[in-house]
Amino acid sequence: MPINILMPALSPTMEKGNLAKWLKKEGDKVAPGDVLAEIETDKATMEVEAVEEGILAKIVVPEGTQDVPVNQLIAVLAGEGEDVKAAAAGAGKPAENKMTAGTPSPQPSPQPKSDLSDFGRSIVPNSGKPEFGRGEGAGTAAPRAQAPSPLPSGERSAPKAPGEGVPAPQGNRLFASPLAKRLAKEANIDVTRVQGSGPHGRVIARDVDAAKAGGALKAPAAALAQAPSDDKIRALFEPGSYEVIPHDNIRKIIARRLVEAKQTIPHFYLTMDCLIGNLLAAREEINASAPKDKAGNPVWKLSVNDFVIKALALALQQVPDANITWTEGGMLKHKHSDVGVAVSIPGGLITPIVRHAEMKSLAVISKEMKDMAARARERRLKPEEYQGGSTAVSNLGMYGIREFAAVINPPHATILAIGAGEERAVARNGKIVAAHVMTVTLSTDHRAVDGVLGAQLLAAFKTLIENPVMMVV
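Residues numbered from 1 in each chain as written. Predicted model: local features only at pLDDT ≥ 70, side-chain atom pairs only at ≥ 80, totals over all residues. Heavy atoms only, no water.

A few words now on the overall build of the chain. Check the secondary structure of the chain and you find nine helices and 19 strands. Residues classed as buried in the chain amount to 47% of the 473 residues present. Counting contacts in the chain only where the partners sit at least 6 residues apart, residues at least 24 apart contribute 65% of the total. (Helix = DSSP H or I, 4+ residues; strand = E, 2+ residues; numbered from the N terminus. Buried < 20%, exposed > 50% of the residue type's maximum accessible area, 1.4 Å probe, protein only. Contact = heavy atoms within 4.5 Å.)

Here you go:
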């Protein structure tokens, strides 16, 4: 039977993707493991592999197409011994799309009677990992860098855009499966605030599990302010006096995540000045002692940010109650300090993560950050390199910003904003002297890290950053 290849979900936040390039042509033979296409997500460009053998009968979505919804049909594979022309001719016809056993077809009613869409996820042979949207004859594309799929497996008919052919939710009516409702009730989670990933936004069991694991919840409906429409905003400006630049996927995701963060996380801010004279001197000495490679270049060159990452990682180990993530069901207390670092990329921002940063030397942290920052700007990071983490650092000091407060990036409970290191007048022993000072601001999720706990964490960071020898012993 023909095998439908669907747009896979390559990250938990992915809703649409750009089909950058097809690496196979119509008529090409395909074997498991062959790279079919390159997909641009909101964070990176990733290769998608085939998991079935056959012939690429038809490319439904041409390369260069932008904003292709997750789970939309993008190509059709003819199975072994199957008529390629017949498979291509039937592409996209609902009657010819096969269904995974146990997965119900979309019904006109937005409230199905059963919760079978929460079951029947297929497993990639020999991998033990969930496959992306694959059922029997549906979704044979699997990403080379695997990430948990937020989508149900299998489709009876060609996937449709939200609201197409199915009534959209009206008013305050709740669209959630019975299983999802029961799980949410048991976990004391308001199911109306869970982001649904089922058909047409329906909340299913996997969504509740994600919320229990620390996933961001939607703000209560009453708290959401209605933003003015585009037409009302444009009416404030003279026609022809501006240019409309459409949002790309990255900007859309950033906007949505920022709104979610500010509406669902009660931010609390703590600011402190750190004397960094010792740090600057230590950095200069360490860099001067770095060994040279064959080309005569130093093997490492530490930045102030490398010291900041290490200091925050060690501070979280000293104040372990702050190394946590809030979930509705309970706190997640992390054993290691996985520190995300905000990196500016064209059109947005991404946060690669230094895993187990408390255990790594400054030189290793420096090397990892240079590598991940370079690949981030090329959109070549793997999902596991930017998802998760227990805290983050955002540094605008290199732009001369004296101090600022950063927005928390869920599922983190804290983020440290780093200002510029500069000479300022300070009082010492009753005298005014010049000293290098750096202002830092800790944003905390007040549900998880209250004022006293945040102050303890910031004090531990200050001690480490002012005494860098404590980070290298």
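Where strand β17 (residues 391-395) and strand β18 (residues 414-428) come together, three bridges link them in parallel fashion. Bridge pairing in β18 places Val 393 opposite Leu 416. As judged from the 13 bridges shared by β18 and strand β19 (residues 431-445), these two strands associate in the antiparallel manner. Each residue of the ladder has a partner; that of Thr 414, found in β19, is Thr 444. Linking β18 to β19, which pair antiparallel, is a turn of two residues; within it Asn 429 sits at a positive phi near 55 degrees. (Pairing = 2+ DSSP bridges.)

Ordered by their spatial adjacency, four strands build an open sheet running β1-β8-β6-β3, and the pairing between neighbours is antiparallel. Both outer strands of the open sheet, β1 (3-6) and β3 (29-30), are each paired with one neighbouring strand and no more. Two elements, strand β6 (residues 54-59) and strand β8 (residues 73-78), share four bridges in a ladder whose sense is antiparallel. Bridged to Lys 58 within β8 is Val 76.

A few words now on the pattern of salt bridges. Under the definition given, this model contains 17 salt bridges. Members of the salt-bridge network, linked through shared partners, are Asp 273, Arg 402, Glu 422 and Arg 424. (Salt bridge = Lys/Arg side-chain N within 4 Å of Asp/Glu carboxyl O.)

In a regular helix each residue adds 1.5 Å, so 16 residues correspond to 22 Å; helix α9 (residues 451-466) covers 22 Å between its end C-alpha atoms and thus fits that length. Within α9, burial applies to Leu 453, Gly 454, Leu 457, Leu 458, Ala 460, Phe 461, Leu 464, Ile 465 and Glu 466. (Expected span 1.5 Å × (residues − 1).)

The subject of this paragraph is the packing of helix α2 (residues 178-186) against helix α3 (residues 205-212). To characterise two packed helices, one gives the angle between the axes of the helices and the distance between these axes. Where α2 contacts α3, the two axes come as close as 8 Å, and the packing angle between them is 20 degrees. The angle between the axes of α2 and α3 places the two elements in the roughly parallel class. Where α2 approaches α3, its residues Leu 179, Ala 180, Leu 183 and Ala 184 are matched on the opposing element by Ala 205, Val 208 and Asp 209. For the contact of α2 with α3, a count of residues per class yields six nonpolar, no polar and one charged. (Axes fitted to C-alpha atoms, helices over the stretch in contact; angles between N-to-C directions. Parallel < 35°, antiparallel > 145°, perpendicular 65-115°, else oblique. Nonpolar A, V, L, I, M, F, W, Y, C, P; charged D, E, K, R; others polar.)

Quick look at the nonpolar core now. Of all hydrophobic cores here, the largest spans 52 residues; its most connected members are Val 308, Leu 416, Met 438, Val 440, Phe 461 and Ile 465. In this view, Phe 461 contacts Cys 274, Val 308, Ala 311, Leu 312, Ala 315, Leu 416 and Val 440; residues no more than four positions away in its chain are not counted. Counting 24 residues, the second-largest nonpolar core is a separate cluster that includes Met 7, Ile 59, Ile 74 and Ala 75. (Core = buried A, V, L, I, M, F, W, Y, C linked by side-chain atoms within 4.5 Å.)

Note on sheets: strands pair through backbone hydrogen bonds, and any given pair is parallel or antiparallel. Pairing in this open sheet of six strands is mixed, and the strands run β10-β19-β18-β17-β13-β16 from one edge to the other. This sheet does not close on itself; its edge strands, each paired only once, are β10 (267-275) and β16 (353-354). One ladder, built from two bridges, connects strand β13 (residues 339-341) with β16; its direction is antiparallel. Looking across to β16, one finds that Gly 340 is bridged to Ile 353. Packing of helix α7 (residues 304-318) onto the sheet brings it into contact with β13, β17, β18 and β19, and relative to β17 it is tilted by some 155 degrees.

On to the confidence of the model for the chain. Mean pLDDT over the chain: 80, with 79% of residues reaching 70 or higher. Residue range residues 94-141 is modelled with pLDDT below 50. Its contacts to residues more than four positions away, or to other chains, number 135 contacts. Note on residues 144-172: pLDDT under 50 across the span, and 82 contacts to partners over four residues away in sequence or across chains. (pLDDT = per-residue confidence, 0-100.)

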